[in-house]
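The residues making up each chain are set out below.
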Amino acid sequence: MELDKESSHPGAFLSSASRNLSSSSSAFVSASQTPFFSPRSPPPLIPPQIAIIPSQVTVSPSDVSPCHASSSSTSLVRQRNKKTKKKSSPVSICTRPVLKVSSTNRPRSYDVYLAYHGRKLSLLRFVNWLRAELEAQGISCFACDRARCRSSRSQSHVEKIMNFATFGVVVITKKSFGNPYTIEELRNFFGRRNLVPIYFDLGPSDCLARDIVERRGDLWEKHGGELWILYGGLEREWREAVEALSRVLDLQLEAGSGNWRDCILEAVSVLAKKLGRRSVVDRINRWREKVERNEFPYPRNENFVGRKKELSELELILFGDVSGDAEREYFELKTRQRRIITGTSTNKCESWSEYGGKGKEPVVWRESEKEIEMQRQVRGKAASRIARRKRPKAKILYGKGIACVSGESGIGKTELVLEYAYRFSQRYKMVLWVGGQSRYIRQNFLNLRNLLEIDLGCESYSHEKGNFKCFEEQEEEAIARVRKELSSDIPFLVIIDDLESETDWWDRRVITELIPHLGGETHFIITTRLPKVLCLEPMKLSYLSGVEAMALMRGETLAKDYPLVESDALRAIEEKLGRLTLGLGIIGAILSELPITPSRLLDTINRMPLRDLPWTDKEESLTFKRHATLIQLLDVCLSIFDHADGPHSLAARMVHVSGWFASSPVPVHLLALAAYRFPKKKRGSSVLKKWSRLLRRSRIKRSESEAASMLVRFGVARICTRPNCIQFHELLKIYARRRGSHRVAQAVVQSICVRASISHSLDHLWAACFLVFGSGSEHVTVELNPTELTHFVRQVGLPLAIHTFITFSRCNAGLELLRLCTDALESAGEVLVNSRGDKWRLKRKLGSCFRDDSSRSDEGFRLLWQEIALLKATVLETRAKLMLRGGRYDIGDDLIRKAIFIRSSICGDRHPDTLSARETLSRLTRLLTNVQIS
């Protein structure tokens, strides 16, 4: 298609050597690899560059010169010439055959012409994000660095596009004033009164002609001077361009290292207002409100200490370089025999590395499709030995946009990535948090649909024409929609916290299906206890240093100067806890809340008897054997809670029930309801009675919010950004489960059944289903009587399965839950019939429906049995209708016939529910016949 009929992406370029330009494409040229690349390939570390191709010209490789960026919908051909490489660089710039483009129309008019100059990684990433954000909001944008256009024809064509653009956005850097094209762009757009300058890593007050010429200040000492001489320009024109910036008073957009997101959104809003697109401004305002509410799961930890090296290394792994304070806090990586030191498939940037090993083998570069590796070249016997034992090795990928943090439970992995997310949140459009538990990871990943504004619902297909998708295809399509959004040029930060396994619990699929291609603008951070994930070498998180551990324990009492004896007591506590960050934080919270010395606290922990808890998991047993003092410390905390409010305090009982909820934040009212239903213990502990008067609050019955506040203040739970929600660490949940019993789990199930909602407690509803129906090889934890079971299936099981199937396209999970509901109801009906002659057993099963009077008891039995049977018929009908959506007509036919039999037996053939089921049967029969005929 002709150049002027292309879409609003920044640039107009070739789709292939044998095909005209697509109507939805723009063009890119990589500065280091090839003039054209497909944005559907992994985006580069250095954002892609555009090539400008004028109409009615023949373009050769020497004519093509990169400008910047295009939209993710562009489809261009990327070619590589692996035979030709430049000796001066490990990265080869590939050539491209001569291509011809014919067009007779003028260049199309763009809403925004985005001008910049420079090759700094941060600048290119910022410009690429700004361009992509404008395109996403429906504002056509053309981005270009004219200094890199190598032919006069390309320059002429870009100049025409610039003159036709509605507004001109010029990104001002310290190198812009020595670039003649930036000076021309400033004069052009200022003269047309459509200039929108963005100051990158500097401010308007820095851009004074006198300061630049006289080299005033540290900024211009190196980059200042009579810059017009560099390109042979006129001083008058140069000064006019620089002084024009000071006259644009209504637009002072500054992009620093800590406000990229705000600057880009503000720039888009300003341009949308000038273009008269109010809907774009409203959409951005709604997005800002959503980010403010939902971006972070927890508030920032104000007592975060240490981890400077780890934060800098995370920045290096994800971005490929470090900046700001991290650049000054330069660190050395561990020496390795092999290290990846580059970016992505389209733009390669050099990085630094150190190599260990003996000998003086020559270092060679090896270039592949996705990465460049530098390794030792070995010869002779050593080479043959290596060839015989080729094994894939885990590697840290620098600049690929994915990082893995590994360490034992409680060492501070979540705190580290949370601090990183807060520090670098402005480099991303949004931080997306995904729980990594194997049972919930897929659901948590699909939950991003609300934040990304994606519809994952099952589509309606014409089954009469055989147009349907199987359940696996529907699930893959839902995941693909989220992956596609994360694969765009708009950067997000996705944190997968506490990854339990590389495979999904439901179908054993690997989690790589959830992660888009590496090297894109979106970054991923995975925290896990696994030694290796996705063949990546994780960044192993070690314990805090002695100084950092002491600072964490002292917490708010840093101003207090402890005597030597108390400092020794703190060191003893640190050694007993094994420097576990979780335990050190609880110690610091206790010392902050109670006027108690470290020596008395140490004595109290030592006098607390060590519980012999039952361990069923080997990993859990080893963890708590290494940190036995942590169990004593938790017992101390529960004793404090009991003596603050008297025996059976609400805070202590909330800890006991916390272990049976899911790993996501728990609503306080739900936690409190389960705690009230929790069976009270007979006697309280006699330890720490004298501390009751030391608490800051009076000894009265505390409300739900006060109990939750106490848990947070003592470090047992953490506050969440979701209103009225708290979360417990996984070690605390294991401790609570081992101290509790199945009666506690039953109290949790009952509270979830009464108060939980799908919109706010989706994970906890699934946790209750796992407790009632079992999960995989695990047995049923909570046994409900028939009355409770029917209520649970009606209130939890059936709505949850339908919501999971329809809203998230998790077809197999929803159908499996319905199957478990069917089996449970069928088993309950059989048990009810078998226990009819046993009065005591019948009373236990019937519950409130049982009456001492024989006739009334029989009536209650009959009503309960009918309720179970009709509910089973409803579940069967639901399963049949869902089977229809996936083309499983034969299974659906069998299920609906069973439902019809039950309803006709109890309600009769004329009942509306029976007639509705027969209509479903007729449709299934017709579709099944069509399939058999075809």
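Residues numbered from 1 in each chain as written. Predicted model: local features only at pLDDT ≥ 70, side-chain atom pairs only at ≥ 80, totals over all residues. Heavy atoms only, no water.

## A closer look at helix H25 (residues 730–739)
Spacing of three or four residues puts side chains on the same side of an α-helix, whose turn is 3.6 residues.
Here is step 1 of the chain: Judged by how many residues are buried, H25 sits mostly within the fold: nine of 10 residues are covered.
Here is step 2 of the chain: Burial in H25 covers these residues: Glu730, Leu731, Leu732, Lys733, Ile734, Tyr735, Ala736, Arg737 and Arg738. (Buried < 20%, exposed > 50% of the residue type's maximum accessible area, 1.4 Å probe, protein only. Helix = DSSP H or I, 4+ residues; strand = E, 2+ residues; numbered from the N terminus.)

## Quick word on the packing of helix H3 (residues 180–191) against helix H6 (residues 235–247)
Here is step 1 of the chain: At a closest axis distance of 9 Å, the pairing of H3 and H6 adopts a crossing angle of 55 degrees. Between H3 and H6, the angle falls in the class oblique. Of the two possible hands of crossing, H3 and H6 adopt the one that is left-handed. In contact with Ile183, Leu186, Arg187 and Phe190 of H3, H6 contributes Glu237, Trp238, Glu240, Ala241, Ala244, Leu245 and Arg247.
Here is step 2 of the chain: In terms of residue class, the contact of H3 with H6 is made up of seven nonpolar, no polar and four charged. (Axes fitted to C-alpha atoms, helices over the stretch in contact; angles between N-to-C directions. Parallel < 35°, antiparallel > 145°, perpendicular 65-115°, else oblique. Left-handed = near helix turned anticlockwise from the far one by under 90°. Contact = heavy atoms within 4.5 Å. Nonpolar A, V, L, I, M, F, W, Y, C, P; charged D, E, K, R; others polar.)

## Remarks on the pattern of salt bridges
Two side chains carrying opposite charge are able to pair once their charged atoms lie near each other.
Here is step 1 of the chain: In the structure shown here, the tally under the stated rule is 47 salt bridges.
Here is step 2 of the chain: Where Arg146 meets Glu185, a salt bridge forms, and the shortest distance between an N and an O atom there is 3.9 Å. Taken together, the residues Arg146 in the loop between strand E6 (141–144) and helix H2 (152–164) and Glu185 in helix H3 connect sequence positions 39 residues apart. The residues Arg146 and Glu185 share a single accessibility class, namely buried.
Here is step 3 of the chain: We note a salt bridge from Arg739 to Asp635, for which the minimum N-O separation is 3.2 Å. Here Asp635 lies in helix H21 (residues 628–645) and Arg739 lies in helix H25, a separation of 104 residues in the sequence.
Here is step 4 of the chain: On the basis of relative accessible area, Arg739 is assigned to the partly exposed category, the value being 21%. (Salt bridge = Lys/Arg side-chain N within 4 Å of Asp/Glu carboxyl O.)

## Description of the environment of Arg529
Here is step 1 of the chain: With respect to the helices, strands and loops of the structure, Arg529 is situated in the loop between strand E16 (523–528) and strand E17 (539–540).
Here is step 2 of the chain: A C-alpha to C-alpha distance of 6.7 Å links Arg529 and Ser409, two positions 120 residues apart in sequence.
Here is step 3 of the chain: Not counting the four nearest positions on each side in its chain, Arg529 is found in contact with Ser406, Gly407, Glu408, Ser409, Lys413, Asp498, Leu499, Glu500 and Glu619.

## Thoughts on the side chain of Gln727
Here is step 1 of the chain: Position of Gln727 relative to the elements: it lies in strand E20 (residues 725–728).
Here is step 2 of the chain: A distance of 2.4 Å separates polar atoms of two side chains, one belonging to Gln727 and the other to Tyr298.
Here is step 3 of the chain: At 2.2 Å, the side chain of Gln727 and the backbone oxygen of Ser663 are in polar contact.
Here is step 4 of the chain: Not counting residues within four places of it along the chain, the set of residues in contact with Gln727 comprises Tyr298, Ser663, Ser664, Pro665, Ala717, Arg718 and Cys720. (Polar contact = N/O pair within 3.5 Å; in protein donor to acceptor, adjacent residues only side chain to side chain.)

## Side note on the layout of surface pockets
Take a probe with the size of a water molecule and roll it over the atoms, and the empty space left behind shows itself.
Here is step 1 of the chain: Volume-wise, the second largest pocket comes out at about 1300 Å³.
Here is step 2 of the chain: If you trace the second largest pocket, you find 37 residues lining it, with Arg439, Glu620, Glu730, Arg737 and Glu778 closest to the centre.
Here is step 3 of the chain: Contributing elements (two or more residues each) for the lining of the second largest pocket: helix H20 (618–626), H25 and helix H27 (762–773).
Here is step 4 of the chain: Considering each element in turn, the lining of the second largest pocket owes the most residues, five residues, to H25.
Here is step 5 of the chain: Of the residues in the lining of the second largest pocket, the class split is 13 nonpolar, 13 polar and 11 charged. (1 Å grid on protein atoms, 1.4 Å probe; cavity = no way out; pocket = protein on both sides within 12 Å on 5 of 7 lines; lining within 4 Å. Points joined across faces, edges and corners; volume = space filled by probe spheres on them.)

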